[in-house]
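# An overview of the molecular structure
Each chain, written out:
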Amino acid sequence: MEESLGTFKIREASPSELLWVHERIPEFPGKASLEFYTERLKDRLHLALVAEKDGELLGFKVGYQDNVPDTFYSWMGGVRPEFREHGTADALAAYQENWAREKGFKAVFFKTRNRFPAMISFGLSRGFKIIKIIPKGGVEDYRVVMRKEF
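Cut-offs used in this document
Residues numbered from 1 in each chain as written. Predicted model: local features only at pLDDT ≥ 70, side-chain atom pairs only at ≥ 80, totals over all residues. Heavy atoms only, no water. Axes fitted to C-alpha atoms, helices over the stretch in contact; angles between N-to-C directions. Helix = DSSP H or I, 4+ residues; strand = E, 2+ residues; numbered from the N terminus. Parallel < 35°, antiparallel > 145°, perpendicular 65-115°, else oblique. Left-handed = near helix turned anticlockwise from the far one by under 90°. Contact = heavy atoms within 4.5 Å. Nonpolar A, V, L, I, M, F, W, Y, C, P; charged D, E, K, R; others polar. 1 Å grid on protein atoms, 1.4 Å probe; cavity = no way out; pocket = protein on both sides within 12 Å on 5 of 7 lines; lining within 4 Å. Points joined across faces, edges and corners; volume = space filled by probe spheres on them. Core = buried A, V, L, I, M, F, W, Y, C linked by side-chain atoms within 4.5 Å. Buried < 20%, exposed > 50% of the residue type's maximum accessible area, 1.4 Å probe, protein only.

### A short note on the packing of helix H1 (residues 15-22) against helix H2 (residues 34-41)
Running from N to C, H1 and H2 cross one another at 130°; their axes reach a closest spacing of 9 Å. Taken together, H1 and H2 sit at an angle that is classed as oblique. The handedness of the crossing between H1 and H2 comes out as right-handed. Only Leu-34, Phe-36, Tyr-37, Thr-38 and Leu-41 of H2 make contact with H1, whose side of the interface consists of Pro-15, Ser-16, Leu-18, Leu-19 and His-22. Its residues placed into classes, the contact of H1 with H2 shows seven nonpolar, three polar and no charged.

Spelled out as structure tokens, the structure:
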């Protein structure tokens, strides 16, 4: 499935494409691997997306069915810094949410960290509500769980 959105398009992605973009998101600490993606997505209903313009990968979003069958977990995503503020993240999220709704999911949720206020604001702007704060490490590392009902 492919959807054209202005000057870039959203399409399904391979694990190697996810990893390529992941490695170019400065907020993600440490080194990821192909297994990081393939193992997490193995044997699960999932959707892996990239935003692409003229053959260049701008961003990605990947999620899967949670242990609660009617809930979709938006697990990982990001947009390369040089392509932010152009609607890429919003387009990826809209595609993912529409797909999840069409597949019968009743809600989508994601986790971020207190240190990423732009991600918290992004969730709120898309209709997500903060449903839980999970203390972990210092206050900056507290997990913020956000959920949107369909």
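From this point, the discussion proceeds with the structure in view.
### A closer look at the layout of surface pockets
Estimates place the volume of the largest pocket at around 1,300 Å³. In terms of lining, the largest pocket is formed by 38 residues, of which the most central are Phe-28, Gly-77, Thr-112, Phe-116 and Met-119. For the lining of the largest pocket, the leading source of residues is strand S5 (residues 71-79), giving seven residues. Looking at the lining of the largest pocket, its residues break down into 17 nonpolar, nine polar and twelve charged.

### Some words on the nonpolar core
Ranked by size, the top nonpolar core spans 21 residues in total, and within it Ile-10 and Phe-72 carry the most contacts. Broken down by secondary-structure element, the contributors of at least two residues to this core are strand S2 (8-12), strand S3 (46-53), S5, helix H3 (88-102), strand S6 (107-113) and strand S8 (143-149). The element best represented in this core is H3, accounting for five residues. Counting 18 residues, the second largest nonpolar core, distinct from the first, contains Ile-25, Leu-41, Phe-60 and Val-62.

### Some thoughts on empty space enclosed by the protein
In this approach a probe as big as a water molecule rolls over the atoms, and the regions it shows empty are the leftover space. A full pass over the atoms with the stated rule returns one cavity of 30 Å³ or more. Considered as a void within the structure, the largest cavity measures approximately 60 Å³ in volume. Taken together, Lys-61, Ser-74, Ala-93, Gln-96, Glu-97, Phe-110, Met-119, Phe-122, Gly-123, Arg-126 and Phe-128 make up the full set of residues lining the largest cavity. Listing elements by their share of the lining of the largest cavity, those giving two or more residues are H3 and helix H4 (117-125). Across the lining of the largest cavity, the residue classes tally to five nonpolar, three polar and three charged.

Structural measurements only, silent on function.
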